[in-house]
Number of protein chains: 4
Amino acid sequence: MQRTQRTLGRPRKEQDGISTKDLILHTATGMFLEKGYPSVSMDDVAQKCDFTKATVYYYYKTKADLFTDAMVQLMIRIKQRIIDILSTNASLETQLFQIAKAHIQATVDIDINAFMKEAKTSLSDDQLQLMKEAEDNMYGALEQAIKKAMDKGEIPQSNPRLGALMFVSMLTAGNNLDNAYKETFSSLDDLVTQIVNLFWNGLANENQSSL
Amino acid sequence: MQRTQRTLGRPRKEQDGISTKDLILHTATGMFLEKGYPSVSMDDVAQKCDFTKATVYYYYKTKADLFTDAMVQLMIRIKQRIIDILSTNASLETQLFQIAKAHIQATVDIDINAFMKEAKTSLSDDQLQLMKEAEDNMYGALEQAIKKAMDKGEIPQSNPRLGALMFVSMLTAGNNLDNAYKETFSSLDDLVTQIVNLFWNGLANENQSSL
Amino acid sequence: MQRTQRTLGRPRKEQDGISTKDLILHTATGMFLEKGYPSVSMDDVAQKCDFTKATVYYYYKTKADLFTDAMVQLMIRIKQRIIDILSTNASLETQLFQIAKAHIQATVDIDINAFMKEAKTSLSDDQLQLMKEAEDNMYGALEQAIKKAMDKGEIPQSNPRLGALMFVSMLTAGNNLDNAYKETFSSLDDLVTQIVNLFWNGLANENQSSL
Amino acid sequence: MQRTQRTLGRPRKEQDGISTKDLILHTATGMFLEKGYPSVSMDDVAQKCDFTKATVYYYYKTKADLFTDAMVQLMIRIKQRIIDILSTNASLETQLFQIAKAHIQATVDIDINAFMKEAKTSLSDDQLQLMKEAEDNMYGALEQAIKKAMDKGEIPQSNPRLGALMFVSMLTAGNNLDNAYKETFSSLDDLVTQIVNLFWNGLANENQSSL
DNA sequence: TATGAATGAGTTTTCATTCAT
DNA sequence: AATGAATGAAAACTCATTCAT
């Protein structure tokens, strides 16, 4: 008659409560983001985790698997962050500002497109599919928020998906800014504000296009 | 006054008027753009040119040298194309549209930031410097055109460099669009128009920011 | 008190009690001695051991590392042999004869100076330092024995280190003797005796130098 | 009717009176001595001469040819220097001192044995033969001088060739001395004197060998 | 006489991956 | 769960050599 859910026997080694697999995944994510897929070797990841290559292979059958999982999990986390911000009552503009700030504060930068290009030759179709779905979901949240604002009349009707894509592309560019140039901004908030303003109001601030 | 009448050494092939070195450079440029720095081997380049690795090394001492030259020359060409368009009498908005169209029509796409990240560990400081300068020049032309429009009162004053950077980032994102999604646009012009409009008019089309 | 009862990982082959690493080191030592540093490739070593290049790299990170270890270990072994002989009660002359014989009987021959010259451009400062120390130790034992004999009055006072160096240089030269010439000696002992005599008594066999 | 030996027409380009072939040979000699056969590339030689590889090949069919010629000519020059010194009226000991000093003053060092070992695999039998002969000649002069001194009763009878070989080996060792150690001698003359003394009088300075 | 172009065969090194314990 | 051993394939780079002018 078992009373507790607590598993019996000595609990498995989980230093700081993080499992080996998670540690590997987390470490790999950071390294992939920093250097790109081909420039990170399984040994690099293993060494940074203080494990051996073989241990990494114990958890991930191939490097492509590790990469796919790393990217998918990352995109899920980002999507969740976006959703959290979008679920508040603030105006869309305010929310976009919050998203932008969170994105730029995170040292990590997901230039998904660049990653895809690099890894394309190494990933299986299934893996590419997985990543594409995660990417879709990630942009999807933003896209729907924009769509809702359009439907509510908050902003004029246009292509909401394109808006979402362009917004993220601008954030990525903001993240990759040359350090020397970055320092010409008085603060991070200042940079973020200018980017969001550019996205929100455009360069011209007028209604009519002369085209 | 010395005349070196007869050229020394074996003459270059010059088939179709294109020298071996140019062929290598051109081929390499395309491959780097398509797959990224680490994924293109010197042998890959050589084979595509129908030469041997050693021939590539005859013209470029290292892979990093080849890459640097490829990117710098590319950015020079792009800068020139931008300058050509900007030197017409058309309005800036029209010019931006032309630039965007030229950029997206070119199969090549330079996601400079992504390349820099990939190659950073492999390039020497000198090489990085060369690329940064070429990049600066490339954006510089656009930046000055925006600045001039601001000074003329054509558009409101804001950060012209950030505008230039964001514009190119949007074009790059447009270029990397998922094919399936790309096909939802009625034409290339349609896609380009929407991107330029978004940049020019912003999402909100209003003057006041609520932040 | 942690007992690592079961050894982790795949166990080494240990055929004939010699570990893979030792086999590689031993093989490499012989090849370096025979052909010199630049003329021995990592693949050469691997093939002679019936392993792959990658296995050699598994144990030695670089060729320079392998070379350094090979030479240092060799010099340590030679030093030990010299010390063993010098620790007997025999007269120094007899001991020198024994050392000379052992040196010449060993098929291996270390022309340390020549090796240093060849490898100098390839070795790191640390590696050169390691080799220099091992070399110093090797000569040191001989030097001290000569010094002791001088202090005891067995031989006249002079520069003991120079004596040690010259002795080894003569042995090396003896080892490298042209085979045709070597055969003009009635026996190995004869050759060794003549060399040691030359070193011990000099060419002139007289006390006064006319210089 | 030609009166003068002076060749007619424009004299061939001989900068500083040294022909291209001689310049190449001379340069190559120095580089081979400094770095050893395998570590010197034909390109290295060419660049140091400010010519192209192809020019070197114009004068020397193969690298082995260049090396053989370089070494043979060098040994001929050394032999001549030895003969010059030995043809004076000075005592053999004095002459050996002069030879030793000349040898050690020359920055170049011919560790012929080491070179032979390195190059053995690359040289043809003919080339090895050529070098062996030059080497024989080089040692031969010294050998004969020693033999003559023995016949004159100046020094006791022993193996003159072995003496010659050992003498040169000691000089080579003296040349390769660690710089730090070299500086412990008050002057070059001091070092040379000690080496020649050791060779001439031996370590023991006594007539009887206890063996 | 001298040279620029081109190459084949190698060299050092890296790395994803497998295997046996 | 984790690891040490071993490898095949490829990458960057080198170099002696040939060829055509």
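Identification of chain A as TetR family transcriptional regulator from Oceanobacillus zhaokaii is taken from an unreviewed UniProt entry.

All names here are of chain A. Confidence along chain A averages 86 in pLDDT terms, with 87% of residues attaining 70 or more. Below pLDDT 50 for its whole length, residues 1–6 participates in 0 contacts with residues either more than four positions away or in separate chains. Residue range residues 207–211 is modelled with pLDDT below 50. Its contacts to residues more than four positions away, or to other chains, number 9 contacts.

The partner chain D presents 51 residues to the 55 residues of chain C that form the contact. Carbon and sulfur atoms make up 58% of the area that chain C and chain D hide from each other, which totals about 4600 Å². Here chain C and chain D share 2 salt bridges between them. Of the charged contacts, one joins D:Asp178 and C:Lys132 as a salt bridge, the two residues approaching to 3.4 Å between their closest N and O atoms. Secondary-structure elements contributing two or more residues to the side of chain C that touches chain D are helix 1 (20–35), helix 5 (92–105), helix 6 (112–119), helix 7 (125–151), helix 8 (160–175) and helix 10 (188–201) of chain C.

With 52 residues of chain B at the contact, the number on the chain A side is 51 residues. Interface of chain B and chain A: buried area, both sides summed, is about 4600 Å²; carbon and sulfur atoms make up 58% of it. Linking chain B with chain A are 2 salt bridges. At the junction of chain B and chain A, the tally comes to 7 residue pairs in polar contact (both at pLDDT 80 or more). Top contributing element to the side of chain B that touches chain A by residue count: helix 8 (residues 160–175) of chain B, with 9 residues. Split into classes, the residues belonging to the side of chain B that touches chain A amount to 22 nonpolar, 18 polar and 12 charged.

In this structure the tally under the stated criterion is 24 salt bridges over all chains. With a closest N to O distance of 3.9 Å, B:Glu154 and B:Lys152 form a salt bridge. Judged by relative accessible area, which is 62%, B:Lys152 ranks as exposed. As a salt-bridge pair, D:Lys147 and D:Asp151 come within 3.4 Å of each other at their nearest N and O atoms. Placement of both D:Lys147 and D:Asp151 in helix 7 (residues 125–151) is noted, with a separation of 4 residues, approximately one turn of the helix. In this structure D:Asp151 comes out as exposed when scored by relative accessible area, which is 52%. Connected through salt bridges with shared partners, the residues A:Asp136, A:Glu143 and A:Arg161 form a single ionic network.

In this section: the relation of the copies chain B and chain A. One copy of the chain maps onto the second through a rotation about an axis and a displacement along it. Superposition of chain B onto chain A requires a rotation of 180° combined with a translation of 0.1 Å along the rotation axis, giving an RMSD of 0.1 Å. Such a combination of turn and shift is consistent with a two-fold rotation axis. Minimal C-alpha distance to the rotation axis in chain B is attained by B:Gly202, lying at 1.7 Å.

Before going further, it helps to examine helix 6 (residues 112–119) of chain B. Within helix 6 of chain B, 7 of the 8 residues are buried, which leaves it mostly tucked inside the rest of the structure. Buried within helix 6 of chain B we find B:Ile112, B:Ala114, B:Phe115, B:Met116, B:Lys117, B:Glu118 and B:Ala119. Residues of helix 6 of chain B that are buried make contact with helix 1 (20–35) and helix 6 (112–119) of chain A together with helix 1 (20–35), helix 4 (63–86) and helix 7 (125–151) of chain B.

For the rest of this paragraph, the subject is the packing of aromatic side chains. All names here are of chain C. Counted by the stated rule, this structure contains 24 aromatic pairs over all chains. Summarising the aromatic geometry, the rings of Phe167 and Phe199 are spaced 4.9 Å apart at their centres and angled 45° between planes, so their arrangement reads as tilted. With a gap of 32 residues between them, Phe167 in helix 8 and Phe199 in helix 10 connect regions that are remote in the sequence. Accessibility expressed as a relative area gives 0% for Phe167, which makes it buried.

Procedures and definitions
Residues numbered from 1 in each chain as written. Chains lettered and ligands numbered in written order. Predicted model: local features only at pLDDT ≥ 70, side-chain atom pairs only at ≥ 80, totals over all residues. Heavy atoms only, no water. pLDDT = per-residue confidence, 0-100. Contact = heavy atoms within 4.5 Å. Buried area = accessible area lost by both parts, 1.4 Å probe. Salt bridge = Lys/Arg side-chain N within 4 Å of Asp/Glu carboxyl O. Helix = DSSP H or I, 4+ residues; strand = E, 2+ residues; numbered from the N terminus. Polar contact = N/O pair within 3.5 Å; in protein donor to acceptor, adjacent residues only side chain to side chain. Nonpolar A, V, L, I, M, F, W, Y, C, P; charged D, E, K, R; others polar. Buried < 20%, exposed > 50% of the residue type's maximum accessible area, 1.4 Å probe, protein only. Least-squares fit on C-alpha atoms with pLDDT ≥ 70 in both. Phe/Tyr/Trp six-rings, centres within 6.5 Å; stacked < 30°, edge-to-face > 60°.

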